[in-house]
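# What the coordinates show
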Amino acid sequence: MAATEFHVPLLVLLIGLLWLASLGLVVWHFRQILERERKLKQSMNQLLTFTELCVYMFDMRKDTMHLSPACAQLLGLPEEISDFTEACQKNTSERSNYRTLLQAITPEADQQRLQLYRANGSSGTYRVTNRIYYTKHEEIDYILGMLTDITEEAHREERLTIHAQIDGLTHVYNSGTVRRLLSESIIDLEESSQGAFIILDIDNFKKFNDLYGHQTGDQVLRIVSRVLKEQLRVNDVIGRLGGDEFCAYLPGLPSLGYLSSLCERLNSSVTEAAAAEGISAPVTISIGATLLHSFDDFLTAYDRADRALYEAKANGRNGYVVKECPSGTDETDSFPSSPPEA
């Protein structure tokens, strides 16, 4: 009986020691995790403090945004922003860099571009690069990110894109671009709105090139494109379909009378502009125009305007024909030409 009484306290002591050892291991394990996190965050803070890069660190649990000196100076913000979410709610203007930072730390922002307003008032394009660190419960702990200035790269890409869309000689949209823009615009055309499409070319241009040379011919092409830019509205789309053939899309057309008046101005303006630039031979154009309908696409619009252009040439050139109805046979408005060039 005495032996049994002796073993009970010993067993309790052994269980207690094992429990304390287990607790010690658990405490040690969590201290190791906390120490790693502390060292990691300390390293992040050192990075923020000493780097010349535009770096930020958002502590999700504390809702605190830390900025490197370079980043704070760039954005015109303090290096530490407590209650960051609340601060963003108070600064919601479009040019707010609080809003920019909030956009930067969204999950989909990684490797995306942001338009950023610098503290000096200028703007630039910046690429966002984020690394997200999670807690053991798979919750976001903090986000480390960097903003890289790619303004020049963005400008180069924009210039290349524009270059790919613009005709090199006349500086209006090239054929592929104007076809795409018109096709997209017609899709969005509403029944209540009215648009128009015109095609024009230079009368007897091949003979003109043969007589006066391609250099003079190129000068005439540039004159035509300049007149189109001068006479058409800012939101009208002008393109060169190829050779001496130009086109224009006119959204929100005020009236059929406006279209006829515009065609008449184009006819006279091209001749006057060419004469003013010293082109010795008379330069005239023929124009085919048509109203657009919601059921049109580029091919139907082009076909109708092309038939109108053919009629204008058959009428003696240096004039225009406007087709109002899809059939091409109902209502037309034509401008009688002056005597064609010899």
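Here's what I pulled together on the structure shown here. (Residues numbered from 1 in each chain as written. Predicted model: local features only at pLDDT ≥ 70, side-chain atom pairs only at ≥ 80, totals over all residues. Heavy atoms only, no water.)

Let's shift gears to the side chain of D141. Among the secondary structure elements, D141 is positioned in strand β6 (residues 140–149). The exposure class assigned to D141 is buried, which follows from its relative accessible area of 3%. Within polar-contact distance, the side chain of D141 engages the side chain of R61 at 3.0 Å. (Helix = DSSP H or I, 4+ residues; strand = E, 2+ residues; numbered from the N terminus. Buried < 20%, exposed > 50% of the residue type's maximum accessible area, 1.4 Å probe, protein only. Polar contact = N/O pair within 3.5 Å; in protein donor to acceptor, adjacent residues only side chain to side chain.)

As a further point, take helix α8 (residues 214–231). Here α8 contains 18 residues, and its C-alpha end-to-end distance of 26 Å stays within 8% of the 26 Å for a straight helix at 1.5 Å per residue. Inspection of α8 places G217, V220, L221, I223, V224, S225, V227 and L228 among the buried residues, and these make up the whole buried set. (Expected span 1.5 Å × (residues − 1).)

This model, assessed by the stated rule, comprises 6 aromatic pairs. When the centroid spacing of 4.9 Å and the interplanar angle of 20° are considered together, the rings of Y133 and Y142 count as stacked. Across the pair, Y142 and Y133 agree in class, each one buried. With a centroid separation of 5.9 Å and 65° between ring planes, the pair formed by F197 and F298 is classed as edge-to-face. Of this pair, F197 sits in strand β7 (residues 195–202) while F298 sits in helix α10 (residues 298–314), and the two are 101 residues apart along the sequence. In this structure, F197 and F298 share a single accessibility class: buried. Chaining the aromatic ring pairs together yields one cluster made of F197, F298 and Y302. (Phe/Tyr/Trp six-rings, centres within 6.5 Å; stacked < 30°, edge-to-face > 60°.)

Here we come to the pattern of salt bridges. A side chain of one charge can pair with a side chain of the opposite charge when the charged atoms of the two come close. The tally for this structure, following the rule as stated, stands at 17 salt bridges. Linking D149 and R118 is a salt bridge whose minimum nitrogen-to-oxygen distance equals 3.6 Å. Here the residue D149 occupies a position in strand β6, and R118 occupies one in the loop between β4 (113–117) and β5 (123–134), the gap between them amounting to 31 residues. In this structure D149 comes out as partly exposed when scored by relative accessible area, which is 43%. Across the salt bridge formed by E184 and R180, the nearest N and O atoms sit 3.5 Å from each other. Taken together, the positions of E184 and R180, both in helix α6 (residues 175–187) and 4 residues apart, correspond to about one turn of that helix. According to the relative accessible area criterion, E184 is partly exposed, its value standing at 39%. (Salt bridge = Lys/Arg side-chain N within 4 Å of Asp/Glu carboxyl O.)

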